[in-house]
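Reading the structure
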Amino acid sequence: MAKKVKKTRLQKLKPVFQSIFVAVVGIYVAFLIYNVRDKIKFDLEPQSEELNSSVGDTEVDNETAINCTVDKPRRPKYWFYMARQYMWIFFSVDNVLRRLGLEKINVEIKHGEPVTLDWDLLWSYDYHNEIPLDWKNIKYHQRINHIPGNFVLTMKDNLAVNTDSKYIPKGFNDTEKLKEYAAKHPEKRFLQKLWSNRGISLRKVEEMNFKVFGPGYKYFGQEYIEDPLLIGGRKFDFGVYVLISSVSPLRIYIYEKNVLIRLCAEDYDRNNYTNVNTYVISDACAFPWEIDELSVYYNQSYSYKEAMNAYLTKNGYDVSRIWTQVDDCIREIVVSKEDNFKYWLHRYAFKHTFFELYRFDFILNNNLDLFLIEVNQSPNVNPSALLSRDQRLFENLLYNVFTLIGVGHYMPKEDFRFG
């Protein structure tokens, strides 16, 4: 009598493994057949927008044929708003959005009637509360280039007076507090500034007046940065572009390819109070190609940032310290305002609707200490006559902005409402 061989546990499971293997192979083969069938069917069908259908193998004439039109994908729509209608300022933005395949629409604004049209992107140079939108009915996919409450960054007096940072010169909106501080620091000088724009001048403390003189004419005082770093004997500032693509969660991006450099129109003179062109970068400013120390690099196709780095490195400065401070300053200042943004955003249905492009303007002293002078909302990215050669800078910046908010290169099928 033959001895019965006892099967091992693995041998007992062998039929189960064989069944699983056969099932997997069968599913894979069926999947391949299905895909090949669809491909053959797709290749044989007409590819025009007019598709003719027939019944069986019987030919039908044109009168009985069934025609169906395939709709083209919906193109995202954008529009510009500016109360004063200076539409030329949108040139670069318009150029980039058109290249990305978006469709521009013209919106007729009627006094007292909020806009409720079907649009995807709005770009404006006015504050968000000045835009006549139906804010309660903003749709999930719509994007607007202003963050509610951004005045905490862009209003110069608010930034200077209400921000405690080593990167921001101390500010005052109360003359008595300024006098007390000046008495304790007799070596310091102070600027009188308008809270909105321009109007900067060195003043003696006893001459300062912070009274309101009408809309846009509210003054404040701020510590003056002595011993500024000079290029070619001129005081300069440099603007760094920053995108806040989201507030909740907070996402901050710094454009590192280039900066905007401007220099005073005249050589710096520490003892000249009256000639603001020697210490204030105004509309009469100079640009790198006008200064020999920078033009030698700029005319060799260096960017502004590369030209500044090359000049400072040649003169013995450690430029890495500058950009480390820039990153730290932007992060510190924006994070300190996060709660303000959230306070203003809580009244809107969708927090991701809002984004903002800023320009942070900095100056340096001779020790390479960094100081933030102001933050500009929606900085001018239009290549004016003076900046025509910077069109590539502005358009590359904008392309990066639109990519990061989902409107650019990664936009699926020309429509970002479902992106």
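Let us look at the structure shown here. (Residues numbered from 1 in each chain as written. Predicted model: local features only at pLDDT ≥ 70, side-chain atom pairs only at ≥ 80, totals over all residues. Heavy atoms only, no water.)

A look at the overall build of the protein chain
Our working rule: Note on conventions: DSSP H or I runs of at least 4 residues are helices, E runs of at least 2 residues are strands, and numbering of each starts at the N terminus. Throughout this description, buried means an accessible area under 20% of the type-specific maximum (1.4 Å probe, protein chains only), exposed means over 50%, and partly exposed covers the range between. By definition, residues are in contact when any of their heavy atoms lie within 4.5 Å. Surface accessibility in these figures is a Shrake-Rupley result with a 1.4 Å probe; residues are shielded only by whichever protein chains are displayed.
Scanning the protein chain for helices and strands turns up 10 helices and 16 strands. Classification of the 419 residues of the protein chain by burial places 44% in the buried group. Contacts in the protein chain between residues far apart in sequence, at least 24 positions, make up 64% of those at least 6 positions apart. Accessible surface, the protein chain: about 24500 Å² in total, of which carbon and sulfur atoms supply 52%.

Some remarks on the environment of L368
Secondary-structure assignment places L368 in the loop between strand 15 (356–364) and strand 16 (370–377). Residue classification places L368 among the buried positions, given a relative accessible area of 4%. On a C-alpha basis, the gap between L368 and Y317 in space is 8.0 Å, while along the polypeptide they are 51 residues apart.

A closer look at the sheet that holds strand 9 (residues 201–203)
This is how the line gets drawn: Strand pairing is assigned whenever DSSP detects at least two bridges linking the two strands.
Spatially, 4 strands are ordered 7-10-8-9 in an open sheet, and the strand pairing comes out antiparallel. Strands at the two margins of the open sheet, each flanked by one partner only, are strand 7 (171–172) and strand 9. Relative to strand 10 (residues 219–223), strand 7 runs antiparallel, the two being bridged by 2 bridges. By the bridge assignment for strand 10, G171 is matched with Q222.

Quick word on helix 9 (residues 338–345)
Short version of the rule: The directions considered for the arc run from the helix axis to the C-beta atoms.
Here helix 9 has its buried residues at E338, F341 and L345. An end-on view of helix 9 places all buried positions within 65 degrees of arc, on one side of the element. Structurally, helix 9 contributes buried residues whose contacts are with helix 3 (151–154), strand 12 (234–246), helix 8 (319–336) and strand 15.

Considering the packing of helix 2 (residues 91–99) against helix 10 (residues 391–404)
Axis angle and axis distance: for two packed helices, these are the angle between their axes and the distance between the axes, and together they describe the pair. Let me state the cut-off plainly: Structural elements are reduced to axes, namely lines fitted to C-alpha atoms, with helices fitted over the stretch in contact, and the angle between N-to-C directions of any two is expressed from 0 to 180 degrees. Note on terminology: angles under 35 degrees are roughly parallel, angles over 145 are roughly antiparallel, angles of 65 to 115 are roughly perpendicular, and the others are oblique. Take the far helix as your reference; a near helix turned counterclockwise from it by less than a right angle gives a left-handed crossing, and one turned clockwise gives a right-handed crossing.
At a minimum axis distance of 9 Å, the contact between helix 2 and helix 10 shows a crossing angle of 55 degrees. One finds that helix 2 runs oblique with respect to helix 10. Classified by chirality, the crossing of helix 10 by helix 2 is right-handed. Each of F91, S92, V93, N95, V96, L97 and R99 in helix 2 lies in contact with helix 10, whose residues at this interface are Q391, F394, E395, L398, Y399 and F402.

Overview of unusual backbone geometry
Between S248 and P249 the backbone carries a cis peptide bond, its omega angle lying at 5 degrees. Mapped onto the elements, P249 comes out in the loop between strand 12 and strand 13 (251–254). Positive phi outside glycine occurs at L368, with the angle close to 65 degrees.

Quick word on the side chain of T353
For the record, the criterion: Polar contact is the term for a pair of N or O atoms within 3.5 Å; when the atoms are in protein, one must be able to donate a hydrogen and the other to accept it, and sequence-neighboring residues count only if both atoms are side-chain atoms.
On the secondary structure map, T353 appears in the loop between helix 9 and strand 15. For T353, a relative accessible area of 1% translates into the label buried. A polar atom in the side chain of T353 sits 3.1 Å from the backbone oxygen of F350.

A word on the nonpolar core
To be explicit about the condition: Definition used in this section: a nonpolar core is a set of buried Ala, Val, Leu, Ile, Met, Phe, Trp, Tyr and Cys residues joined via side-chain atoms within 4.5 Å.
The biggest cluster of nonpolar side chains holds 90 residues, and the ones touching the most others in it are W123, F238, F362 and F402. Looking at this core, the element that brings in the most residues is helix 8, giving 8 residues. If sequence neighbours within four positions are ignored, F362 has contacts with F236, D237, F238, V240, V326, C329, I330, L370, F371 and L372. In this structure, F190, L194, M208 and Y219 belong to the second largest nonpolar core, which totals 10 residues.

Here we look at the pairing of strand 16
Strand 16 sits mainly inside the fold: 7 of its 8 residues count as buried. By the bridge criterion, 7 bridges tie strand 15 to strand 16 in an arrangement that is antiparallel. When the bridges of strand 16 are listed, F362 appears paired with L372. Hairpin connection, strand 15 to strand 16: the antiparallel pair is bridged by 5 residues, and L368 has positive phi, about 65 degrees.

Considering the packing of helix 7 (residues 304–314) against helix 8
Closest axis-to-axis distance for the helix 7/helix 8 pair is 9 Å, and the angle between their directions is 135 degrees. Considered as vectors, helix 7 and helix 8 are oriented oblique to each other. From helix 7, K305, M308, N309, L312 and T313 reach across to helix 8, where they touch V319, I322 and W323.

Looking at the pattern of salt bridges
Note the cut-off: Every case where a carboxyl oxygen of Asp or Glu lies within 4 Å of a side-chain nitrogen of Lys or Arg is listed as a salt bridge.
Enumeration according to the criterion identifies 14 salt bridges in this entry. Between K188 and E223 there is a salt bridge whose closest N-O contact spans 2.8 Å. With a gap of 35 residues between them, K188 in the loop between helix 5 (175–184) and strand 8 (190–194) and E223 in strand 10 connect regions that are remote in the sequence. Taking relative accessible area as the criterion, E223 reaches 14% and is therefore assigned buried. Where E338 meets K342, a salt bridge forms, and the shortest distance between an N and an O atom there is 3.3 Å.

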